[in-house]
Amino acid sequence: METRFRNLDLLIQTQPMPVEFRNTKAVILCNDCSGKCTVPYHWLALKCIACLSYNTVKLQIVDRNLEAMAAASSGMQDSQPDALGYGNDIGGGGC
């Protein structure tokens, strides 16, 4: 499996996301370590930052650009948690 994961690393490096999607993140659940992480979104695969596995499930897409525009246009900060109980402060921290 490690060889496949390294191949995915190379494919992702050679196929960068378009500019308008570079700040997009995804909340994932790792099937190997059971961790829940926020990682950079890529259409090819999503890599767990805790165990470096690609055996993950996408739970939610988080687009920082859309969130910032929505907050600016509404004139207020939304501190309500989303369906997963996260709120707007989803960071790129560990699982």
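This text follows the structure it describes.
Residues numbered from 1 in each chain as written. Predicted model: local features only at pLDDT ≥ 70, side-chain atom pairs only at ≥ 80, totals over all residues. Heavy atoms only, no water.

Asks: What's the story with the overall build of the protein in this structure? I'm lost.
Replies: Scanning the protein for helices and strands turns up 2 helices and 3 strands. Counting over 95 residues, the protein shows a buried share of 25%. Of the roughly 6300 Å² of accessible surface on the protein, 55% is carried by carbon and sulfur atoms. (Helix = DSSP H or I, 4+ residues; strand = E, 2+ residues; numbered from the N terminus. Buried < 20%, exposed > 50% of the residue type's maximum accessible area, 1.4 Å probe, protein only. Areas by Shrake-Rupley, 256 points an atom, 1.4 Å probe, with all protein chains shown as cover.)

Asks: Hey, could you run me through the sheet that holds strand S3 (residues 56–63) in this one?
Replies: Two modes of strand pairing occur in sheets, parallel and antiparallel, and in both the strands are linked by backbone hydrogen bonds. Pairing in this open sheet of 3 strands is antiparallel, and the strands run S2-S1-S3 from one edge to the other. Strands with a single pairing partner mark the edges of an open sheet, and in this sheet they are strand S2 (36–40) and S3. Shown here is a sheet whose adjacent strand axes are inclined to one another by a mean of 30 degrees, direction ignored. In the sheet, strand S1 (residues 24–30) pairs with S3 via 7 bridges, with the strands oriented antiparallel. Across the sheet, residue Val27 finds its bridge partner in S3, namely Gln60. (Pairing = 2+ DSSP bridges. Axes fitted to C-alpha atoms, helices over the stretch in contact; angles between N-to-C directions.)

Asks: How should the pattern of salt bridges be read in this particular structure?
Replies: Oppositely charged side chains are able to pair whenever their charged atoms sit close together. Applying the stated criterion across every chain, the model contains 2 salt bridges. Notably, a salt bridge pairs Asp9 with Arg6, separated by 2.7 Å at the nearest N-O pair. Pair noted here: Asp9 and Arg6 are both in helix H1 (residues 2–14), with a separation of 3 residues, about one helical turn. Take Asp9: its relative accessible area is 16%, and that puts it in the buried class. Across the pair Lys47 and Asp9 runs a salt bridge, and its minimum N-O distance is 3.0 Å. One end of the pair, Lys47, is in the loop between S2 and S3; the other, Asp9, is in helix H1, and 38 residues separate them in sequence. (Salt bridge = Lys/Arg side-chain N within 4 Å of Asp/Glu carboxyl O.)

Asks: Could you clarify how one ought to interpret unusual backbone geometry in this entry?
Replies: Backbone geometry follows two general trends: most residues other than glycine have a negative phi, and most peptide bonds adopt the trans configuration. Backbone geometry places Ser34, a non-glycine residue, at a positive phi of 65 degrees. With respect to the helices, strands and loops of the structure, Ser34 is situated in the loop between S1 and S2. The phi dihedral of Leu52 falls on the positive side, at around 65 degrees, and the residue is not glycine.

Asks: I'm lost on a nonpolar patch on the surface in this one. Help?
Replies: Taken together, the side chains of Leu29, Val57 and Leu59 present a nonpolar region at the surface, about 200 Å² in accessible area. In this fold, Leu29 is placed in strand S1. The exposure class assigned to Leu29 is partly exposed, which follows from its relative accessible area of 31%. (Patch = residues over 30% accessible without salt bridge, like charges linked within 9 Å, V, L, I, M, F, W, Y side chains within 5 Å.)

Asks: Looking at this structure, how should I read the state of the cysteines?
Replies: In a disulfide, the sulfur atoms of two cysteines are covalently bonded to one another. Summed over the entire model, instances satisfying the criterion amount to 0 disulfides. Unpaired in terms of disulfides, Cys30 finds its nearest cysteine sulfur in Cys51, a separation of 3.5 Å. (Disulfide = S-S within 2.5 Å.)

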